[in-house]
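Descriptive analysis of the structure
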Amino acid sequence: MIEAIRSHLLPGLARTGRRFVVCSLLLAGLICGQTGAWADIRYKAYAARLMTSLPDNAIVRPDLEAELARLASAERRRSGRRALASSDAQREGARAQAAEMILGNFVGHHTKAGFDFGDRFRAYMPGFEGVRGENAARDRQRGPADRRKARRLFEQWLRSRGHRRNLINPDYSHVSTGVIQIGNHIYAVQIFWEKQSAKPANSLFLN
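To start, this report covers the structure provided alongside it. (Residues numbered from 1 in each chain as written. Predicted model: local features only at pLDDT ≥ 70, side-chain atom pairs only at ≥ 80, totals over all residues. Heavy atoms only, no water.)

1. Quick look at the overall build of the chain
- Each helix and strand in the chain was counted, giving six helices and six strands.
- Its helices and strands in sequence order give the chain the pattern α-β-α-β-α-α-β-α-α-β-β-β, from N to C terminus.
- Expressed as a percentage of the 207 residues in the chain, the buried residues total 43%.
- For the chain, the computed accessible surface area is about 11400 Å², with 56% contributed by carbon and sulfur atoms. (Helix = DSSP H or I, 4+ residues; strand = E, 2+ residues; numbered from the N terminus. Buried < 20%, exposed > 50% of the residue type's maximum accessible area, 1.4 Å probe, protein only. Areas by Shrake-Rupley, 256 points an atom, 1.4 Å probe, with all protein chains shown as cover.)

Here you go:
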């Protein structure tokens, strides 16, 4: 009799346990997905606040953004790589990170609010799973904030093995550039990515 009860109940309990595990996994995935989406929304709001928190003498420089994008494509062509398509897709994020660096007096890829490059990138291109990367720099030397200074900043990336490797990565096809001037100093960020790739994510974080 006991054996009959076991044979009747245990398979049902096992199935119930499996259903519970599956439901738990699905719920965990749903929660994680919602958390990621919420982080994306929060970063966009944070980025908007950064741009309005800049000092009065800080201005966005679209002309220098175009110059740095041009220099990036020229260097890639010299290295036998394809030129990059300049895109607005990540421009807001690139400018926001330049603002972050000004306000925090540093050069890097993190934010004081805890957002990393992956968080920032996904906020503007959710669901992207291709290769992406970022270069950041500043030039605080004397002289006007002009194209010559932008070229000098760009040379910092060329002199750094890691930054140059990131710049000429053959997988990249697009770039968004953000440049903010404060006084005679300029802060710049370039975000690179490949378009519509099926490859797994491979973020590059270079200081």
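2. Here we look at the packing of aromatic side chains
- Tallied over the entire structure, the rule returns nine aromatic pairs.
- Measuring from centroid to centroid gives 6.1 Å for Tyr-43 and Tyr-46, while their planes differ by 45°, and the two rings are tilted. With Tyr-43 and Tyr-46 both in helix H1 (residues 2–52) and three residues apart, this pair spans about one turn of that helix. Just as Tyr-43 is buried, Tyr-46 falls in that class too.
- Ring centres of Tyr-43 and Phe-115 lie 5.2 Å apart, and the angle between their planes is 70°; this geometry places the pair in the edge-to-face category. Of this pair, Tyr-43 sits in helix H1 while Phe-115 sits in the loop between helix H3 (91–104) and helix H4 (117–124); the two residues are 72 residues apart in sequence, bridging distant segments of the chain.
- Classification of Phe-115 by relative accessible area gives buried; the value is 6%.
- Among the aromatic residues, those joined into a ring-pair cluster are Tyr-43, Tyr-46, Phe-115 and Tyr-124. (Phe/Tyr/Trp six-rings, centres within 6.5 Å; stacked < 30°, edge-to-face > 60°.)

3. A short note on the nonpolar core
- The biggest cluster of nonpolar side chains holds 27 residues, and the ones touching the most others in it are Tyr-43, Phe-121, Ile-180, Val-189 and Ile-191.
- Counting only elements with at least two residues in this core, the list comes to H1, H3, H4, strand S4 (174–182) and strand S5 (185–193).
- For Phe-121, the residues in contact, after removing those within four places along its chain, are Gln-90, Phe-128, Arg-132, Ile-191, Phe-192 and Trp-193.
- Counting residues in each nonpolar core, the second largest holds 21 residues, with Leu-64, Leu-84, Ala-150 and Leu-153 among its members. (Core = buried A, V, L, I, M, F, W, Y, C linked by side-chain atoms within 4.5 Å. Contact = heavy atoms within 4.5 Å.)

4. Digging into the pattern of salt bridges
- All told, the structure shown has 12 salt bridges when counted by the stated rule.
- A salt bridge links Glu-67 to Arg-151; its shortest N-O distance comes to 3.5 Å. Taken together, the residues Glu-67 in helix H2 (residues 62–78) and Arg-151 in helix H5 (residues 147–159) connect sequence positions 84 residues apart.
- A network of salt bridges, in which partner residues are shared, links Glu-65, Asp-88, Arg-91 and Arg-95. (Salt bridge = Lys/Arg side-chain N within 4 Å of Asp/Glu carboxyl O.)

5. Considering the packing of H2 against H5
- Where H2 meets H5, the axes come as close as 10 Å, and the angle between the chain directions of the two elements is 40°. As the angle between them shows, H2 and H5 are arranged oblique. As H2 runs across H5, the sense of the crossing is right-handed. For the pair H2 and H5, contact is made by Leu-64, Glu-67, Leu-68, Leu-71, Ala-72 and Glu-75 and by Arg-147, Ala-150, Arg-151, Leu-153, Phe-154 and Leu-158, respectively.
- Grouping the constituent residues of the contact of H2 with H5 by class yields eight nonpolar, no polar and four charged. (Axes fitted to C-alpha atoms, helices over the stretch in contact; angles between N-to-C directions. Parallel < 35°, antiparallel > 145°, perpendicular 65-115°, else oblique. Left-handed = near helix turned anticlockwise from the far one by under 90°. Nonpolar A, V, L, I, M, F, W, Y, C, P; charged D, E, K, R; others polar.)

6. Some thoughts on the side chain of Ser-87
- Summarising the element assignment, Ser-87 is placed in the loop between strand S2 (85–86) and H3.
- Look past the residues within four positions of Ser-87 in its chain and what remains in contact with it is His-174, Val-175, Ser-176 and Trp-193.

7. A few points about the environment of Gly-130
- With respect to the helices and strands, Gly-130 occurs in the loop between H4 and strand S3 (132–139).
- Taking the C-alpha atoms as reference, Gly-130 lies 7.4 Å from Lys-195; in sequence the two are 65 residues apart.

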